[in-house]
Amino acid sequence: MPNIKPVSDLRNYNEVLKNVSVGEPVFLTKNGRGRYAIVDIEEYEKTKAIIKLMSELSKGEKSAQNKGWINLEDVEKHFGL
């Protein structure tokens, strides 16, 4: 169940931060609507890495669609395997 708190609870930020852990962000509302998310730094870094990986994979797929795929033998030859 998501942990949702009003942004005004940040007046006692230590209590809010106690509820933040990997996989369990705290969502803050402002005027009754979702506005912010507080996440554990480990989860934040993991999310950034996933986004970067997905972006690179997307670039590779677009390149393969435009320029063609490389077969395994050519890749191994290129890297001296």
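Residue indices follow the written sequence of each chain, beginning from 1 at its first position. Under the rules for a predicted model, residues below a pLDDT of 70 receive no local features and side-chain atom pairs below 80 are neither given nor counted, while totals for whole chains, interfaces and linings still include all residues. Each side-chain value is derived from all of the structure's non-hydrogen atoms; neither hydrogens nor water enter the calculation.

Undergrad: Give me helix 2 (residues 41–67): which residues, what numbers.
TA: Note on conventions: DSSP H or I runs of at least 4 residues are helices, E runs of at least 2 residues are strands, and numbering of each starts at the N terminus. By definition here, a helix of n residues has an expected span of 1.5 Å times n minus one. Relative to the 39 Å expected for 27 residues at 1.5 Å per residue, helix 2 spans 39 Å between its end C-alpha atoms, a close match to the ideal helical length. Positive phi shows up at Gly68, right after helix 2, with a value of about 95 degrees.

Undergrad: Which residues make up the pattern of salt bridges, and what values go with them?
TA: Between Lys or Arg on one side and Asp or Glu on the other, a salt bridge is scored when a side-chain nitrogen of the former is within 4 Å of a carboxyl oxygen of the latter. The tally for this structure, following the rule as stated, stands at two salt bridges. A salt bridge links Lys18 to Glu15; its shortest N-O distance comes to 3.0 Å. Here Lys18 pairs with Glu15, and both are found in helix 1 (residues 13–18), just three residues apart, close to one helical turn. Lys18 sits in the exposed class, given a relative accessible area of 61%. Residue Glu56 is joined to Lys59 by a salt bridge in which the shortest nitrogen-to-oxygen separation is 3.3 Å. Burial classification: accessible surface area is computed with a 1.4 Å probe over protein chains only, and a residue below 20% of its type maximum counts as buried, one above 50% as exposed, and the rest as partly exposed.

Undergrad: Go over the side chain of Lys5, please, and point to the residues and values.
TA: On the secondary structure map, Lys5 appears in strand 1 (residues 3–6). The buried charged residue Lys5 lacks any salt bridge, with Asp9 as its nearest oppositely charged partner at 4.5 Å. In this analysis, two residues are considered to be in contact whenever any of their non-hydrogen atoms come within 4.5 Å of each other. In contact with Lys5, not counting residues within four places along its chain, are Val16, Asn19, Val26, Phe27, Leu28 and Thr29. The charge count treats Lys and Arg as positive and Asp and Glu as negative. His and the chain ends do not count.

Undergrad: Outline the side chain of Thr29, listing residues and values.
TA: The topology assignment puts Thr29 in strand 2 (residues 26–30). The class for Thr29 is buried, based on a relative accessible area of 17%. Aside from chain neighbours lying at most four places away, what touches Thr29 is Ile4, Lys5, Pro6, Val7, Gly34 and Arg35.

Undergrad: Before we move on, could you go through unusual backbone geometry and cite the residues and values that matter?
TA: Non-glycine residue Asn31 carries a positive phi angle of around 55 degrees. As for its position among the elements, Asn31 is in the loop between strand 2 and strand 3 (33–38). Under the relative-accessibility criterion, Asn31 is labelled exposed at 74%.

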